[in-house]
Amino acid sequence: MSEHIIINVIAGASTGIGLAIAGYLKTKDEEFDYVKLAETAVVGVVIGGAGGFLGLNYDNAITYLTNSGAITVVQYGVKVLVRKVLPKIKDWLISKGIIKSTEG
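Just so it is clear, the model here is predicted, and its values are computed rather than measured. (Residues numbered from 1 in each chain as written. Predicted model: local features only at pLDDT ≥ 70, side-chain atom pairs only at ≥ 80, totals over all residues. Heavy atoms only, no water.)

> Got a sec to walk through the overall build of the protein chain? Specific residues and values, please.
Secondary structure summary: the protein chain contains 4 helices and 0 strands in total. Counting from the amino terminus, the protein chain carries its helices and strands in the arrangement α-α-α-α. Computed over its C-alpha atoms, the radius of gyration of the protein chain comes to 17 Å, more than 25% above the 13 Å expected for a compact globule of 104 residues. In terms of its C-alpha atoms, the protein chain occupies a principal-axis envelope of roughly 50 × 40 × 20 Å. Residues counted as buried form 22% of the 104 residues belonging to the protein chain. For the protein chain, the proportion of contacts with a sequence separation of at least 24, taken over those separated by at least 6, is 56%. Looking at the protein chain as shown, the accessible area adds up to about 7400 Å², and 62% of this sits on carbon and sulfur atoms. (Helix = DSSP H or I, 4+ residues; strand = E, 2+ residues; numbered from the N terminus. Rg over C-alpha atoms; globule rule 2.2 N^0.38 Å. Buried < 20%, exposed > 50% of the residue type's maximum accessible area, 1.4 Å probe, protein only. Contact = heavy atoms within 4.5 Å. Areas by Shrake-Rupley, 256 points an atom, 1.4 Å probe, with all protein chains shown as cover.)

And the structure:
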């Protein structure tokens, strides 16, 4: 992989996460949801990174990835990770005494 493509992917991913988080935070009248924020951020990174790799602007990358189903797969993956996997890792770390429980 050429250095030029790597730079484009990093630049695209950086822009993507910035746009995604800014878009999420500007919404009004919505209760904060860390799962939705994580999902939005990861989707932004994927869109920006893929756009940089494929040489597409952000809007065209969104269209391409939405039509291919990739965005849905990423959204489901983030939800599974945050809701199912991370709590199990946290419980394991607590059981081993590596971290302390934040509950009462």
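Once the structure has been displayed, the description carries forward.
> Lay out the side chain of E39 with the relevant residues and their values.
Positionally, E39 belongs in helix α2 (residues 34–54). Engagement of the side chain of E39 in a polar contact is seen with the side chain of Q75, the distance being 3.3 Å. In this view, E39 contacts Q75, V78 and K79; residues no more than four positions away in its chain are not counted. (Polar contact = N/O pair within 3.5 Å; in protein donor to acceptor, adjacent residues only side chain to side chain.)

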